[in-house]
Amino acid sequence: MLFKLTGSSCSGKTALAYAAVGRLRRIVVHDFDELGVPEGADLHWRHRMTEMWVRRALEYQERGVDLLLTGQSPLGEVLAVPSAPLLNGIAVCLVDVADEVRRARLAERSPGRWDAPAVDAFLGWAAWHRQHALDPRHRPDVIIDNSWPEMAWHRWTNWHADDPRWRTQLLDTTDQPVTESVDLVERWITEQRDVYQAGQLALSHGWAS
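All residue numbers refer to position in the chain's written sequence, counted from 1. It should be noted that, the model being predicted, local features are given only for residues of pLDDT at least 70 and side-chain atom pairs only at 80 or more, the latter also being counted only at that level, while totals for whole chains, interfaces and linings use all residues. Hydrogen atoms and water are omitted, and side-chain values are computed over all heavy atoms in the structure.

1. Considering the nonpolar core
Phase 1: Core analysis: the largest hydrophobic core is formed by 32 residues, its most contacted members being Leu2, Leu79, Ile90 and Trp156.
Phase 2: Elements represented by at least two residues in this core include exactly helix H2 (43-62), strand S3 (66-70), helix H3 (75-80), strand S4 (90-96) and helix H5 (116-134).
Phase 3: Comment: elements are numbered from the N terminus, with helices defined as DSSP H or I runs of at least four residues and strands as E runs of at least two. When residues of this core are assigned to their parent elements, the largest contribution, seven residues, is made by H2.
Phase 4: Whether two residues are in contact is decided by their heavy atoms: any pair within 4.5 Å suffices. Once residues within four sequence positions are removed from consideration, Trp156 is found in contact with Gly76, Leu79, Ala80, His132, Pro136, Pro140, Ile143 and Trp166.
Phase 5: By size, the runner-up hydrophobic cluster in this structure holds 20 residues, among which are Val21, Val29, Leu171 and Val185. Nonpolar cores were defined as sets of buried Ala, Val, Leu, Ile, Met, Phe, Trp, Tyr and Cys residues, with membership established by side-chain atoms within 4.5 Å. Note on exposure labels: buried denotes an accessible area under 20% of the residue type's maximum, exposed denotes more than 50%, and partly exposed covers the range between, all computed with a 1.4 Å probe on protein chains only.

Here it is as structure tokens:
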């Protein structure tokens, strides 16, 4: 099963993932960018890498191990990569934080690296994530226009917000102790596993048809 922690930069995805996985069995964690980000990485690159990570999840799946992946690919991109329907289950959680906190974290992480337009772009991407998590009809062009040709967007572009398959857990870490956020990630993974075992996970085998 693939568990995906998504969201814009500096929301705390990676730290939460590594802390939560330490409490669970038969699950590994990887960061989307751990293999490096090439100069000029674009939408095509992110889509191709999302497919690569889904294939890695399938390798773990064969061994009975789940993958918890952190990165910025939203639910719509995960569902559209070629190999996504082969996963036995998919669950996505948006890790979010207030804009002023994200601004402060960006400044602390890379002092002087990001100018005002770049920071605004991170905040705009975060705002888009929030709406995408709620409704597949919100600005799908942001990830579809000029995308990798192998993406199968038709799998979900006719869905509505009330479709049970369009489900992203929301986790806002603003003013929340890290330990509480880790507890919530651990609980989310456990609950999604239980739902899958009960045969009630909407994004399990057959969701694409």
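2. A word on the sheet that holds strand S1 (residues 2-6)
Phase 1: Think of it this way: DSSP has to see at least two bridges between two strands before they count as a pair. Spatial ordering of the open sheet is given by S2-S3-S1-S4-S5, a layout of five strands whose pairing is parallel. What marks the edges here is a single partner per strand, and that holds for strand S2 (27-31) and strand S5 (168-172). The mean angle between the axes of side-by-side strands here comes to 20°, regardless of whether they run parallel or antiparallel.
Phase 2: Strand direction decides the pairing type here: S1 and S3, joined by four bridges, are parallel. Along S3, the bridge assignment pairs Leu5 with Thr70.
Phase 3: The angle between two axes is taken between their N-to-C directions and runs from 0 to 180 degrees, where each axis is a line fitted to C-alpha atoms and a helix contributes only its stretch in contact. Helix-sheet contacts for H2 involve S1, S2 and S3, and the interaxial angle to S2 is about 165°.

3. Details of the environment of Ser209
Phase 1: Residue placement: Ser209 occurs in the segment after helix H7 (178-197).
Phase 2: Sequence-wise, Ser209 and Ala127 are 82 residues apart; in three dimensions their C-alpha atoms are separated by 30 Å.
Phase 3: In this structure the side chain of Ser209 is engaged in a polar contact, spanning 3.0 Å, whose partner is the backbone oxygen of Gly206. Polar contacts, as counted here, are pairs of nitrogen or oxygen atoms within 3.5 Å of one another; within protein the pair requires one atom able to donate a hydrogen and one able to accept it, and residues that are adjacent in sequence qualify only if both atoms are side-chain atoms.

4. With respect to the packing of aromatic side chains
Phase 1: Within 6.5 Å between ring centres, the rings of Phe, Tyr and Trp (the latter by its six-membered ring) count as paired, and their orientation is classed by plane angle as stacked under 30 degrees, edge-to-face over 60, tilted in between. Under the criterion given, the structure shown has seven aromatic pairs.
Phase 2: Ring geometry for Phe3 versus Trp188: centroids 5.5 Å apart, planes at 80°, classification edge-to-face. With Phe3 in strand S1 and Trp188 in helix H7, this residue pair connects regions lying 185 residues apart in the sequence. Taken as a pair, Phe3 and Trp188 share a single burial class, namely buried.
Phase 3: Ring plane angle 85° and centroid distance 5.8 Å describe the contact between Phe32 and Trp45, whose orientation is recorded as edge-to-face. Remark: Trp45 occurs in helix H2 and Phe32 occurs in the loop between S2 and H2; sequence separation between them is 13 residues.
Phase 4: You can call Phe32 buried: its relative accessible area is 3%.

5. A closer look at the pairing of S1
Phase 1: Where burial is concerned, most of S1 is hidden: five out of the five residues are buried.
Phase 2: Where burial is concerned, the two faces of S1 agree: the one with Leu2, Lys4 and Thr6 and the one with Phe3 and Leu5 are both buried.
Phase 3: Direction of pairing for S1 relative to S4: parallel, over a ladder of five bridges. Following the sheet pairing, Lys4 is matched in S4 by Val92.

No statement about biological role is implied by the geometric values presented.
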